[in-house]
Amino acid sequence: MVVRADEISRVIKQQIKSYSSQVDFSEAGTVIQVGDGIARVYGLYSAMSGELLEFSNGTYGMALNLDEDTIGAVIMGSDAGIKEGDPVKLTGRMAEVPVGDGMLGRVVNALGEPVDGKGAIASDGYRRIESPAPSVIMRQEVNQPLQTGIKAIDALVPIGKGQRELIIGDRQTGKTAIAIDTILNQKDKDVYCVYVAIGQKASTVARIIKVLNETGAMDYTTVVLSTASDSAPLQYLAPYAGCAIAEEWMYRGKDVLIIYDDLSKHAVAYRAISLLLRRPPGREAFPGDIFYLHSRLLERAACLSEEYGGGTLTALPIIETQEGDISAYIPTNVISITDGQIYLEADLFNHGVRPAINPGFSVSRVGGSAQIPAMKKLAGPLRIEFAQYKELAAFSQFGSDLSQDTLDRLNHGERIMEVLKQPQYKPMPVEDQVLILYALNNDYLKDIELSRILKFQNDLIKYVDSHAAHIKDEIRETGEISDELEKEIDAVIAEVKKQYNYG
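Participant: Just checking my understanding: could you explain the sheet that holds strand 2 (residues 38-43) for this structure?
Facilitator: The pairing of strands in a sheet comes from backbone hydrogen bonds and takes either a parallel or an antiparallel form. A barrel is described by the order of its strands in space; here six strands give the closed sequence 1-2-5-4-3-6, paired in antiparallel fashion. Looking at each pair of strands side by side, their axes are set apart by 45° on average, direction ignored. With six bridges joining them, strand 1 (residues 28-35) and strand 2 adopt antiparallel strand pairing. Following the sheet pairing, Thr-30 is matched in strand 2 by Tyr-42.

Participant: How should I be thinking about the nonpolar core in this particular structure?
Facilitator: Proteins that are soluble and globular tend to have nonpolar side chains buried together. By size, the foremost hydrophobic cluster in this structure holds 136 residues, and its most contacted members are Ile-183 and Phe-456. With near-sequence residues (within four places) excluded, Phe-456 lies in contact with Ile-436, Ala-439, Leu-445, Ile-448, Ile-493, Val-496, Lys-497 and Tyr-502. Core analysis: the second largest hydrophobic core is formed by 14 residues, Val-31, Ile-71, Ile-82 and Val-88 among them.

Participant: Before we go on, may I ask you to explain empty space enclosed by the protein in this structure?
Facilitator: Leftover empty space is mapped by rolling, across the atoms, a probe with the size of a water molecule. This structure, assessed with the given rule, holds two cavities of 30 Å³ or more. There is about 100 Å³ of room inside the largest cavity. Lining the largest cavity we find Ala-152, Leu-156, Leu-348, Val-353, Pro-355, Ile-357, Pro-359, Phe-386, Lys-390, Met-417, Leu-420 and Lys-421. Within the residue set of the lining of the largest cavity, elements represented by two or more residues are helix 2 (151-156), helix 10 (373-396) and helix 11 (404-420). When grouped by side-chain class, the residues that make up the lining of the largest cavity number 10 nonpolar, no polar and two charged. One number sums up the size of the second largest cavity: a volume of about 60 Å³. Around the second largest cavity sit Pro-145, Leu-146, Gln-147, Asp-154, Pro-158, Ile-159, Ala-370, Gln-371, Ile-372, Met-375 and Val-430, which together line it. In terms of residue class, the lining of the second largest cavity is made up of eight nonpolar, two polar and one charged.

Calculation criteria
- Residues numbered from 1 in each chain as written.
- Predicted model: local features only at pLDDT ≥ 70, side-chain atom pairs only at ≥ 80, totals over all residues.
- Heavy atoms only, no water.
- Pairing = 2+ DSSP bridges.
- Helix = DSSP H or I, 4+ residues; strand = E, 2+ residues; numbered from the N terminus.
- Axes fitted to C-alpha atoms, helices over the stretch in contact; angles between N-to-C directions.
- Core = buried A, V, L, I, M, F, W, Y, C linked by side-chain atoms within 4.5 Å.
- Buried < 20%, exposed > 50% of the residue type's maximum accessible area, 1.4 Å probe, protein only.
- Contact = heavy atoms within 4.5 Å.
- 1 Å grid on protein atoms, 1.4 Å probe; cavity = no way out; pocket = protein on both sides within 12 Å on 5 of 7 lines; lining within 4 Å.
- Points joined across faces, edges and corners; volume = space filled by probe spheres on them.
- Nonpolar A, V, L, I, M, F, W, Y, C, P; charged D, E, K, R; others polar.

Structure, rendered in structure tokens:
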């Protein structure tokens, strides 16, 4: 074997030329305590609040407590592979999720990772899960209706695009059903939807996803999922992740609807994290910033002015009450942040009134400005008559000698209750709602038996579809009922009553 000195020296010179003296520098800390999804880390003096930290096993955490010598971090996932003495690195990044049209039709976890088995997501980029709400200057007043397809809501507590309307009630009163019906009703309306499930049973969410798939609603919907089996940090992050996904579309000028189901479980998850981080507890052991937890989330819903793209983000947060107590801590907090609430009552639900909306406690602070003119005209007297009926019904239990006027009002009130009933997953277009409410307001239902009112509603809509479709087209296009149209509707109602033997 011949050793050639010139060849060896040439190789050494090449290696010297290609040698890089750059050092990969990253600040590292040490885990000094870990347990219950919380890690206490020594060092990392330049960490930012909310920054992502990387543990030695590849798991990420999030810095929440910045103490004098240590950092309190929540672990996003299992803490099984993390032990005392492990190194922790700063990433220089805040928590973010993938965003864009690639998210439509997908089911993701609180970190934006797909959990539906359909492969990787083709995202348009990333967005921080925590970002400032649009300023007052960027907003305009809410003036476009977001139709839920539910008569009791669209008539009595209308929701506008860019509004925050709370859905509140005891467990098993139909809160999620209203939210899902609203998503189903956005089909062909160019509204993107995001459904955030926080601390729900996996079986419940699977059933909801099945309904969305069967009805074709998944084509314009993203589901962000953090089930009851997920850790408290993931349940805490889920609504912010969902909001970031929705915000991307809003800033692109789209109309977006987001459902937070539900914020009671979100508050409980945050309470668990805060107590484990040894933050001082306040009322009901919740930390002092529990109001800020939800206000900074819900304030991100907005109706942007035209200079900023004109997009809207409508939020429907859900809160579960105990024994109908809307004066509890979390319910009152969220009521004060939102622009109205839809109150669902267990008694009404148990008496077969579905959706079980109590119009006395329910309110929309946007009101008639979020209704088409025809609905606004019909819904005005409806709310007053319904309130009067509730009052009279309570007093009439004690008296037998009732005047004819009282009997007429009770009779009319019963018909209002009957008309507002609606089956689940059957949202109704606004032009159909206008037709039946027109018949109700003009006393066409007073001689129809109570048990046949919903059948009359279906017969009326079918007849209009087959014999006078232009009526619905005109209501849809103009949003109003002209004098000529009134005469046509009167004639159609009379014909339906005669043909199907009503009255």
